[in-house]
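# Descriptive structure summary
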Amino acid sequence: MDLLIIWLIITPLFFGFGWIAGRIDMKVVLKQAKQLPQRIFDSIDAIIDSKTGIATDELKQVVEQEPQLIDLQFSLGRLYRKRGENDLAINLHSKMLTSQYVFSEEIKDKIRLELAHDFQKAGLIDRSESLLRNLLNSQVYGHDALQMLLIIYQQDKNWQEAIDITKKLSSSDYSYHVEVAQFNCELAQEEIIKSNYAKAIEYIRTALEINRKCVRANILLAEVYFNQENYLEAIKTLQLIEKQNYNYLPLIIDKIFEAYARLEQIKEYLTLVKGYVTLFPNLNMHEFIYRKLLNYDTFEATVDYLRKAMIATPSSKIAALLIDAQLNNLTTIEGKADAERVKTLLLKYNDKLSSYNCRCCNFKSKTFFWQCPACYSWESISPNNIEN
Ligand SMILES: [Zn+2]
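So, how was this worked out
Residues numbered from 1 in each chain as written. Predicted model: local features only at pLDDT ≥ 70, side-chain atom pairs only at ≥ 80, totals over all residues. Helix = DSSP H or I, 4+ residues; strand = E, 2+ residues; numbered from the N terminus. Contact = placed C-beta atoms within 7 Å. Domains from an automatic or database assignment. Nonpolar A, V, L, I, M, F, W, Y, C, P; charged D, E, K, R; others polar. Core = buried A, V, L, I, M, F, W, Y, C linked by C-beta atoms within 7 Å. Buried ≥ 20, exposed ≤ 12 C-beta atoms within 10 Å, placed from the backbone. Axes fitted to C-alpha atoms, helices over the stretch in contact; angles between N-to-C directions. Parallel < 35°, antiparallel > 145°, perpendicular 65-115°, else oblique. Left-handed = near helix turned anticlockwise from the far one by under 90°.

All right, on to the overall build of the chain then. A count of helical and extended segments in the chain gives 19 helices and two strands. Taking the principal axes of its C-alpha atoms as reference, the chain extends roughly 130 × 60 × 35 Å. Long-range pairs, those at least 24 residues apart, make up 44% of the contacts in the chain between residues at least 6 apart in sequence.

Below, the structure written as structure tokens:
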């Protein structure tokens, strides 16, 4: 009888506790369900406001609550990388690979690709390369792995491997001829440094066979001729660049001068470059030519050159050069000081506005690069650093 009473008391209590527990669980579940999308929206808002620290915190909490949301984990990994938190990205992707959730082989390959990105960003090139090499047979991510390997080999200056990768990547849509020609130029450059001119010329010829418009190949060939004291061939080679792409003439205007100077043919040089300026008035070669005219031509011819340039393509640089040319003709000390101040101001203005710009990513630099350091594109930086 006592047992029956106990059971009569316990049974409703048992159901009561169960009901309360159920209510509590439901509340938690409903709360989490409400919080989950809100945190994602908070994270998106933070990204829009460029507050990536807040965005990563919000995403991290969602990912911890819902580890099966794999795409969110990939987003979090990319955010870590963007913030330079490569160790956190490596940790996240490594954990994903050993997660209790059974991901498909395709998802695992994607995780490996992301991990390779993390290692590359962290400077652990060997580990990145090893992961990518293992992904080459992946149906879905093999191509991405090749593209990443191409970036890695370029960063590593492993030009031969880079050439091999482009052979696998090359298609009817994109031939990589500009890149491969540049890789051969890099190899040629290495040989020139070692004075292995025959080998350097081999690479240069290959570069020109692959891309006959490769200006850099002819610049390097001229360098070889110059080092061999064959100044006539150096001049002939540099003159080919006008036909290849005249925009690169500002890069070689000094090299052509050096070769003509060795042959003691300054007059011929001045005739040549004056022809270039007439044909291509927008090219930024005026200062170099002005200095040479000052040294090797008459004062009248020099000022006449600058006046014509000023009419054709007015710029603060040419205005400053005109003032510079006339400085000695000013008779008063005050007048000279005033002119100097205006000249300095114009040159400062020109320096502020002039840069080498990448047409792919708009990277700006005071130095010219064959490969953009920001987006890794080849020949994307304009060689003519005019005011802009
Ligand atoms: Zn760029």
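Anyway, onward from the coordinates.
The next thing to look at is the domain arrangement of the chain. The domain boundaries assigned to the chain delineate domain 1 (34–155), domain 2 (157–276), domain 3 (285–353) and domain 4 (355–388). Each of domain 1 and domain 2 was reduced to a C-alpha centroid, and the two centroids are 41 Å apart. With six residues of domain 1 at the interface, the matching set in domain 2 holds seven residues. Split into classes, the residues belonging to the side of domain 1 that touches domain 2 amount to four nonpolar, two polar and no charged.

Counting 78 residues, the largest nonpolar core has Ala188, Ala207, Leu220 and Ile256 as its most contacted members. Ranked by residues supplied to this core, first place goes to helix α11 (residues 215–227) with eight residues. If we ignore the near neighbours within four places in the chain, the residues touching Ala207 are Ala181, Asn184, Cys185, Ala188, Cys214 and Ala217.

Before going further, it helps to spend a moment on the packing of helix α8 (residues 159–169) against helix α9 (residues 177–193). It is the contact of α8 with α9, at a shortest axis distance of 9 Å, that shows an interaxial angle of 165°. Between α8 and α9, the crossing angle belongs to the class labelled roughly antiparallel. The crossing of α8 and α9 is left-handed. In this structure, α8 contributes Trp159, Ala162, Ile163 and Thr166 to the contact, and α9 contributes Glu179, Val180, Phe183, Glu186 and Leu187.

Here the focus is unusual backbone geometry. Its identity as a non-glycine residue notwithstanding, Lys157 has a phi of 55°, on the positive side. Following the sequence through the fold, Lys157 ends up in the loop between α7 (142–155) and α8. Looking at Lys157, the number of C-beta atoms within 10 Å reads 12, which means it is exposed.

The next thing to look at is the environment of Ala320. Checked against the element boundaries, Ala320 lands in helix α18 (residues 316–326). Assessed through the 20 C-beta atoms surrounding it within 10 Å, Ala320 is described here as buried. A C-alpha to C-alpha distance of 40 Å links Ala320 and Gln155, two positions 165 residues apart in sequence. Those residues in contact with Ala320, other than ones at most four positions away along the chain, are Lys343, Leu346, Leu347 and Asn350.

For the pair helix α17 (residues 299–312) and α18, the least separation of the axes is 10 Å and the interaxial angle reads 155°. Overall, the two elements α17 and α18 adopt an arrangement that is roughly antiparallel. Crossing of α17 over α18 shows left-handed handedness. The residues of α18 that touch α17, namely those facing Thr302, Val303, Leu306, Ala309 and Met310, are Ile318, Ala319, Leu321, Leu322 and Ala325. Class assignment for the residues of the contact of α17 with α18 results in nine nonpolar, one polar and no charged.

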